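The residues making up each chain are set out below.
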Amino acid sequence: PYHLPASKVRCFFRDDHLSDLVGLEYATWHPEEAVANLICHLEEIAYTATQTDAQVVSIILDGENAWELYPENGYAFLSTLYQKLSEHPKFELTTFSQCLNAGMTELPKLVAGSWVYGNFSTWIGEPDKNCGWEMLDQAKQVFDKAIQHLTPAQRAAAERQLAVCEGSDWCWWFGDYNPATTVCDFDRLYRLHLTHLYQLLNEIPPTYLSQAGATDGGD
């Protein structure tokens, strides 16, 4: 684990190779063979740990996408994997929180980016994606002004709805590389969620939220 100086940010970096094997490759393997292969990779990492000072192997998947490709949503693979890991003499299953308690290494700087192309182009930059963020930005400005006038129960409902609208993968769907019908579905649902947020704030939703596929945040 790493930490940034004068910051509360704590970082764990994913093992790209192992994460992609689980997320993209092992679904086509027999569960026993896939687990054996993963254990072999972990043993190699453990063997070289004295030279690399590696203490933590982070296998971080791409959201929910992996398991729909596995037979029975990965039940056989995961059951076998957890059993083999828990029985292995060199591995310790733990949590990120427990790892932090064991100490951290200082990271001089952290560059903004993502595991996709090393930037944020998957989520922002195209007109439709930018429109999604602009609509959210306008809703957040209204939220900041209106929240102080709400009751505790109303505030809690509005905060939860704002969190729903702030999910970054709404804007991931917008763009020309996804099926048009799917984009339309997510665009419609996103606008419905934003509309509901305005309603929870006792505000009139902008008319553009009822105009599917609008490319700007204007009325």
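Further up the page is the structure itself.
This one's a predicted model, so the numbers in the text were calculated from it and none came from an experiment.

Counted under the stated rule, the structure contains 4 salt bridges. Between Arg14 and Asp16 there is a salt bridge; the shortest N-O distance is 3.2 Å. Salt-bridge contacts for Arg14 lead to Asp20; the nearest nitrogen and oxygen are separated by 3.9 Å. Salt bridges here are not isolated pairs; linked through shared partners, they connect Arg14, Asp16 and Asp20.

Geometry of an aromatic ring pair is reported as the spacing of the ring centres plus the angle between the planes. Under the counting rule described, the total for this entry stands at 12 aromatic pairs. Taking 4.8 Å as the distance between ring centres and 90 degrees as the angle between the ring planes, the aromatic pair formed by Trp172 and Trp173 counts as edge-to-face. Classification of Trp173 as partly exposed rests on a relative accessible area of 22%. Look at Trp173 and Phe186: their rings are 4.1 Å apart centre to centre, the planes differ by 10 degrees, and that puts the pair in the stacked class. Of this pair, Trp173 sits in helix α8 (residues 169-173) while Phe186 sits in helix α9 (residues 180-200); the two residues are 13 residues apart in sequence, bridging distant segments of the chain.

For the α-helix, the turn length of 3.6 residues means that residues three or four positions removed from each other point alike. For helix α7 (residues 152-165), with 14 residues, the first-to-last C-alpha span of 20 Å sits near the 20 Å given by 1.5 Å per residue. Listed in full, the buried residues belonging to α7 are Ala158, Gln161, Leu162 and Cys165. Buried residues of α7 fall within an arc of 105 degrees about the axis and therefore sit on the same side. Facing away from the buried side of α7, by more than 90 degrees, are the exposed residues Pro152, Ala153 and Arg160. Packed against the buried residues of α7 are α6 (127-146), α8 and α9.

Next up on the list: the nonpolar core. Ranked by size, the top nonpolar core spans 22 residues in total, and within it Met135, Phe143, Tyr190, Leu194, Leu197 and Leu201 carry the most contacts. For this core, the secondary-structure elements that each account for two or more residues are α6, α7, α8 and α9. A per-element tally of this core places α6 first, with 6 residues. When neighbours within four sequence positions are excluded, Met135 is seen to be in contact with Tyr190, Arg191, Leu194, Tyr208 and Leu209.

Turning our attention to a nonpolar patch on the surface. Together, Tyr2, Val9, Phe13 and Leu110 make up an exposed nonpolar region whose accessible area comes to about 350 Å². Assignment of secondary structure puts Val9 in the loop between β1 (2-3) and β2 (10-11).

A separate point is the packing of α7 against α9. At their nearest, the axes of α7 and α9 sit 9 Å apart, and the two run at 160 degrees to each other. By the criterion of interaxial angle, the relationship of α7 to α9 is roughly antiparallel. Crossing angle aside, the handedness with which α7 passes α9 is left-handed. Across from Ala157, Ala158, Gln161, Leu162, Val164 and Cys165 in α7, the residues of α9 making contact are Tyr190, His193, Leu194, His196, Leu197 and Leu200.

What counts and how
Residues numbered from 1 in each chain as written. Predicted model: local features only at pLDDT ≥ 70, side-chain atom pairs only at ≥ 80, totals over all residues. Heavy atoms only, no water. Salt bridge = Lys/Arg side-chain N within 4 Å of Asp/Glu carboxyl O. Phe/Tyr/Trp six-rings, centres within 6.5 Å; stacked < 30°, edge-to-face > 60°. Buried < 20%, exposed > 50% of the residue type's maximum accessible area, 1.4 Å probe, protein only. Helix = DSSP H or I, 4+ residues; strand = E, 2+ residues; numbered from the N terminus. Expected span 1.5 Å × (residues − 1). Arc of directions from axis to C-beta. Contact = heavy atoms within 4.5 Å. Core = buried A, V, L, I, M, F, W, Y, C linked by side-chain atoms within 4.5 Å. Patch = residues over 30% accessible without salt bridge, like charges linked within 9 Å, V, L, I, M, F, W, Y side chains within 5 Å. Areas by Shrake-Rupley, 256 points an atom, 1.4 Å probe, with all protein chains shown as cover. Axes fitted to C-alpha atoms, helices over the stretch in contact; angles between N-to-C directions. Parallel < 35°, antiparallel > 145°, perpendicular 65-115°, else oblique. Left-handed = near helix turned anticlockwise from the far one by under 90°.

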